[in-house]
Amino acid sequence: MLLQIKNLHAGINGKEILRGVNLEVNEGEVHAIMGPNGTGKSTLASVIAGREVFDVTAGEILYHGKNLQKLSIEDRAREGIFLGFQYPVEIPGVSITNFMRTAVNEVRKFKGLDPLPGGDFLRLMEEKKKLVEITSNLTNRSVNEGFSGGEKKKNEIFQMAMLEPTLAILDETDSGLDIDALRIVANGVNKLRRPDNAFVVITHYQRLLDYIIPDFVHVLFQGKIVKSGGKELALELEEKGYDWIKQEQA
Amino acid sequence: MQTEIKEPITQQRFINQFEKNQTFLSANDTPTLAEIREKAFTSFVKLGFPDTSMEAWRLTDLQESFARGYDYLLHPIKELDAQKVFRCNIPHLDTAIIGQLNGWYVSKDVPMMELGNGIIMGSLAEARKKYPKLIEKYYGTMADDAGDGFTALNTAFAQDGVFIYVPDNVKSPKPVQLINVIHHDKNLFLQSRNLIVVGANAKLSLVHCDDSYNHQASFSNIVTEIHVGEHGVMDHYKLQNLNNNSTLISSVFFRLEASAGLESHYISLNGGLLRNNIRVLFNGPNGNANIYGIYLMDRKQHVDNQVFVDHAHPGCTSNETFKGILDEQAHAIFSGHVLVRRNSVKTDARQTNKNILLTDTARVNSQPFLEIYNDDVKCSHGSTTGQLDPESMFYLRQRGIGEESARMLLMFAFADEIVNKIGIPQLRQRIEDMVKKRLQGELQICEQCVLHCSTPEHPMEFNIDISKI
């Protein structure tokens, strides 16, 4: 099993946000996590990625059977966990090229590989740019600086393609995208699907799931996964909203 | 004559010393220059040294520096192997190098060079003798003795320094690199005086380096006057890489005639206490001045940048952008004062100061200040001080970049906004390397000169490639 989350409790500044999350993800699967605002979806993504502002108070996250608790943010990333940010950060002065070269080579170093030669790296960049239809010279600009919402999200998928993670968590990658950008982003994800990797797609809307077909859909509500099902659950949520879930939980 | 006195710095010491040596100091002065000297001495007697009761020195306390005790040299010590001291090499950068050792021009037996195109470069002491009319026309006309006892003291004792003259309509074909090296086996108080004249429609790039050669304490009081004629262009780089026992009071007075342009870059990489007085006077309309600064300080280092821009004529544009990264118990001060006079309409003046504090004990005092006496102006100022952005750190680390490398990337990116304004590509590359080294804690005061840190024979290695940022 790739990811196993057991009774995960986590919070920030003493405020509990996740109240016993259980989730299992196998290689080759796509999971969608849906739910109303403020139920802990982004917190769950951040906690898996190891963000230090959140405290894990109970439970555990196993990745390839190994407890992640003691692993730093960067070591989790190097082990193959990727987080696509809901709000990608603008970093003036750091070019995407250099950012990615540093990232790719640090991951390679972790795996005991030599740095990628400059020419090979640039070829890899060109190849992966095509995957998300980045035609402009985006890569020589500072990371996310002055990018449109669509460019930022494409840039997240581009980075994912460069790093080839085993577990990719996409946090509301569809938010703020027009239909063309949504299609491009979803196509990028679909092309990266392999039998040995998995995706956890966090979204508010069924719309994205027309393009990225999930194997499982989970509803996170008040810090717990309260309902799981197949892709048809997403359609049901789209049609009926979340109120019936809230009522079931009341 | 006594040439070496190791005493604390007091006003009385210098008053005594001046009175005792006045005849010697003014031996080569024309009557005009002797008068300037005499007047400066009177000012110094009146002003003395600044202390923290004065607004402009409130945050920079010199008592500890003063108390150390220093030699003062009225004659240059025998030149070391000057060629060796100044074998300063920026790969692929062709510069004309002139050097100063302990404040004295290093002559290599040629105290004055007259280049074919009319450019004159050499010792100020020599120039006072050889070109008295030229010197009288400019010398002491920019440095203002009224405000600060240090400038008055420098003028009273001025003996040597560098003189550069670029005649009207001449563009200096290569950058001039002026290297001040301090090398003495005892604590040393030194003063040098530089005069740079860029004629109308002329151009000069000047790379001005302050370096220590050893770890001995020093106190430098350096005054530089720079005149830029109508439509002239001055490209000025000030690099400071002194040891932790050094105190540097650097006062640079720029005077820009109509439509003159100035780009000045202050790069402070190391030093015990650095005080930069940067004064810009627009002496005609439509001038333009960009003043950039980057300071990277740690331990108990102290850097104080005081920028004063006098918009005395209409239609001038000034922009100050200073950025700093402060670690451990370092302390930085930025004071930007823009004065827009009553008739200086269509003034455009901007000030920005941004700082990153890496520890709770590092400190910044930032005082942007606009003083405006007419309403047809565009002025802005802004100041921010913070830590490395935790959101950016998380983002970089989530991509597998280690914490240290992520910090380095962010710090370098912050500094690079200033570094990439450097107009000479080879110099920019060199400074980038030095900034990286500094941020990684690897920059040493150089054995030979500040720009000698990396050579093709001894390239620097970085564990992350940030050359293409």
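Everything below is about the structure shown above.
Predicted model only: the values in this text are computed from it and were never measured. (Residues numbered from 1 in each chain as written. Chains lettered and ligands numbered in written order. Predicted model: local features only at pLDDT ≥ 70, side-chain atom pairs only at ≥ 80, totals over all residues. Heavy atoms only, no water.)

S.K.: Looking at this structure, how should I read helix α7 (residues 149-157) of chain B?
M.R.: Counting along an α-helix, one turn takes 3.6 residues, and residues three or four places apart therefore face a common direction. Residue and element names in this part refer to chain B. Counting buried positions over the nine residues of α7 gives nine, a clear majority of the element. Listing the buried residues of α7 in full gives Gly149, Phe150, Thr151, Ala152, Leu153, Asn154, Thr155, Ala156 and Phe157. The backbone nitrogen of Phe150 has a side-chain oxygen 2.8 Å away, supplied by the residue at the start of α7, namely Asp148. (Buried < 20%, exposed > 50% of the residue type's maximum accessible area, 1.4 Å probe, protein only. Helix = DSSP H or I, 4+ residues; strand = E, 2+ residues; numbered from the N terminus. Polar contact = N/O pair within 3.5 Å; in protein donor to acceptor, adjacent residues only side chain to side chain.)

S.K.: Help me understand the side chain of Gln398 of chain B, please; the structure alone is not making it clear to me.
M.R.: Position of Gln398 of chain B relative to the elements: it lies in helix α8 (residues 390-398). With a relative accessible area of 1%, Gln398 of chain B lands in the buried category. Here Leu83 of chain A takes part through its backbone nitrogen, which lies 3.0 Å from a polar atom of the side chain of Gln398 of chain B. The contacts of Gln398 of chain B, once residues within four sequence positions are left out, are Ala49, Ile73, Ala77, Ile81, Phe82, Leu83 and Phe85 of chain A. (Contact = heavy atoms within 4.5 Å.)

S.K.: Would you explain the sheet that holds strand β11 (residues 216-221) of chain A in this entry?
M.R.: Note: strands within a sheet are paired through backbone hydrogen bonds, in either parallel or antiparallel orientation. Residues and elements named next belong to chain A. Spatially, the six strands line up as an open sheet ordered β6-β9-β10-β3-β11-β12, and their pairing is mixed. At either margin of the open sheet sits one strand with a lone partner, and together these are β6 (81-84) and β12 (224-229). Neighbour to neighbour, the strand axes of the sheet diverge by 20° on average, direction disregarded. Lying on the sheet, helix α7 (residues 231-240) is in contact with β3 (30-34), β11 and β12; it crosses β11 at an angle near 45°. (Pairing = 2+ DSSP bridges. Axes fitted to C-alpha atoms, helices over the stretch in contact; angles between N-to-C directions.)

S.K.: Would you mind going over the pattern of salt bridges with me for this structure?
M.R.: Going through the model one piece at a time under the given rule, you end up with 39 salt bridges over all chains. Glu106 of chain A is the salt-bridge partner of Arg78 of chain A, the closest N and O atoms lying 2.8 Å from each other. Residue Arg78 of chain A is located in helix α2 (residues 73-78), and its partner Glu106 of chain A is located in helix α3 (residues 96-110); the two are separated by 28 residues in the primary sequence. Here Arg341 of chain B makes a salt bridge to Asp310 of chain B, at a shortest N to O gap of 2.7 Å. Taken together, the residues span a long stretch of sequence, with Arg341 of chain B in the loop between β18 (331-340) and β19 (347-357) and Asp310 of chain B in strand β16 (residues 302-311) at a distance of 31 residues. By relative accessible area, Asp310 of chain B is classed as buried at 7%. Here the salt bridges share partners, and the residues they tie into one network are Glu52 and Glu74 of chain A together with Arg397 and Glu403 of chain B. (Salt bridge = Lys/Arg side-chain N within 4 Å of Asp/Glu carboxyl O.)

S.K.: Any chance you could explain the interface of chain A and chain B here in plain terms?
M.R.: Bring the parts together and some accessible area is lost; that lost area is often taken as the interface size. At the interface, 32 residues of chain A touch 23 residues of chain B. Taken together, the two surfaces of chain A and chain B that pack against each other cover about 2,400 Å², and 59% of this comes from carbon and sulfur. On the chain A side of the contact with chain B, Arg51, Glu74 and Asn98 of chain A bury the most area, a combined 21% of that side's loss. At the junction of chain A with chain B, the criterion picks out four salt bridges. For Glu156 of chain A, the salt bridge goes to Arg399 of chain B, with nearest N and O atoms at 2.7 Å. (Buried area = accessible area lost by both parts, 1.4 Å probe.)

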